[in-house]
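One letter stands for each residue in the lines below.
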Amino acid sequence: QVQLVESGGGQVQPGGSLKLSCAASGFTFSVYAMSWYRQAPGKERELVAAIGSFAPSTNVADSVKGRFTISRDNSKNTVYLHMNDLGSEDTAVYYCAKGRGGSHSSPADAWGQGTQVTVSS
């Protein structure tokens, strides 16, 4: 079955950087879009970034544009979220998700368990 395992979360100071990884298994990774969502306490889950099965196709939320980058390595069945210039507003649980299709706009149909990112001094 589909498995998505996130890693790389933790605590970081404001202005710092983190790289999240999501190892995927149980499906043909290269065929599907992948995305990262986040959910902060008391807020709804929101899309952070998505990448199509063809890597140049990406979508990044305005709130993180210029600071976060999504990438994928189809040889490793892994999707990454590179986060720079982190602020307290980025504190959330970050979830990896598999798209229903290959387009970066495909809705998610499977989720990982999430990894906590805390930005605090």
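Residues numbered from 1 in each chain as written. Predicted model: local features only at pLDDT ≥ 70, side-chain atom pairs only at ≥ 80, totals over all residues. Heavy atoms only, no water.

Caption draft 1: Examining the overall build of the chain more closely. If you tally the helices and strands in the chain, you get zero helices and eleven strands. Taking all 121 residues of the chain together, 45% fall into the buried category. By sequence separation, contacts in the chain at least 24 residues apart represent 55% of the contacts at least 6 residues apart. With an accessible surface of roughly 6100 Å², the chain has 46% of that area assigned to carbon and sulfur atoms. Separation of charge centres in the chain, based on 10 positive and 9 negative side chains, amounts to 5 Å. (Helix = DSSP H or I, 4+ residues; strand = E, 2+ residues; numbered from the N terminus. Buried < 20%, exposed > 50% of the residue type's maximum accessible area, 1.4 Å probe, protein only. Contact = heavy atoms within 4.5 Å. Areas by Shrake-Rupley, 256 points an atom, 1.4 Å probe, with all protein chains shown as cover. Lys, Arg positive; Asp, Glu negative; His and termini not counted. Charge placed at Lys NZ, Arg CZ, Asp CG, Glu CD.)

Caption draft 2: Inspection of the state of the cysteines at higher detail. Tallied over the full model, the rule gives one disulfide. Each sulfur of the disulfide joining C22 and C96 lies 2.1 Å from the other. Classification of the bridge connecting C22 and C96 rests on its S-S torsion, roughly -75°, and on that basis the disulfide is left-handed. Here the residue C22 occupies a position in strand 3 (residues 18–25), and C96 occupies one in strand 9 (residues 92–99), the gap between them amounting to 74 residues. Grouping residues by exposure puts C22 and C96 together as buried. (Disulfide = S-S within 2.5 Å.)

Caption draft 3: Examining the pairing of strand 3 more closely. Two elements, strand 1 (residues 3–7) and strand 3, share five bridges in a ladder whose sense is antiparallel. Residue E6 lies in a different strand from strand 3, and its bridge partner there is C22. Taken together, the six bridges between strand 3 and strand 8 (residues 78–83) define a ladder with antiparallel strand orientation. Residue pairing in the sheet places S21 in a bridge with Y80 of strand 8. (Pairing = 2+ DSSP bridges.)

Caption draft 4: Focus on the nonpolar core. Ranked by internal contacts, the top residues of the largest apolar core, which has 29 residues, are W36, V79, L81, M83 and Y94. Going through the elements one at a time, strand 3, strand 4 (34–39), strand 5 (46–51), strand 7 (68–73), strand 8, strand 9 and strand 11 (115–119) are the ones with two or more residues in this core. By residue number, the principal contributor to this core is strand 3, which donates four residues. Once residues lying within four places of it in the same chain are set aside, the contact partners of M83 are G16, S17, L18, L20, R67, F68, Y94 and V117. (Core = buried A, V, L, I, M, F, W, Y, C linked by side-chain atoms within 4.5 Å.)

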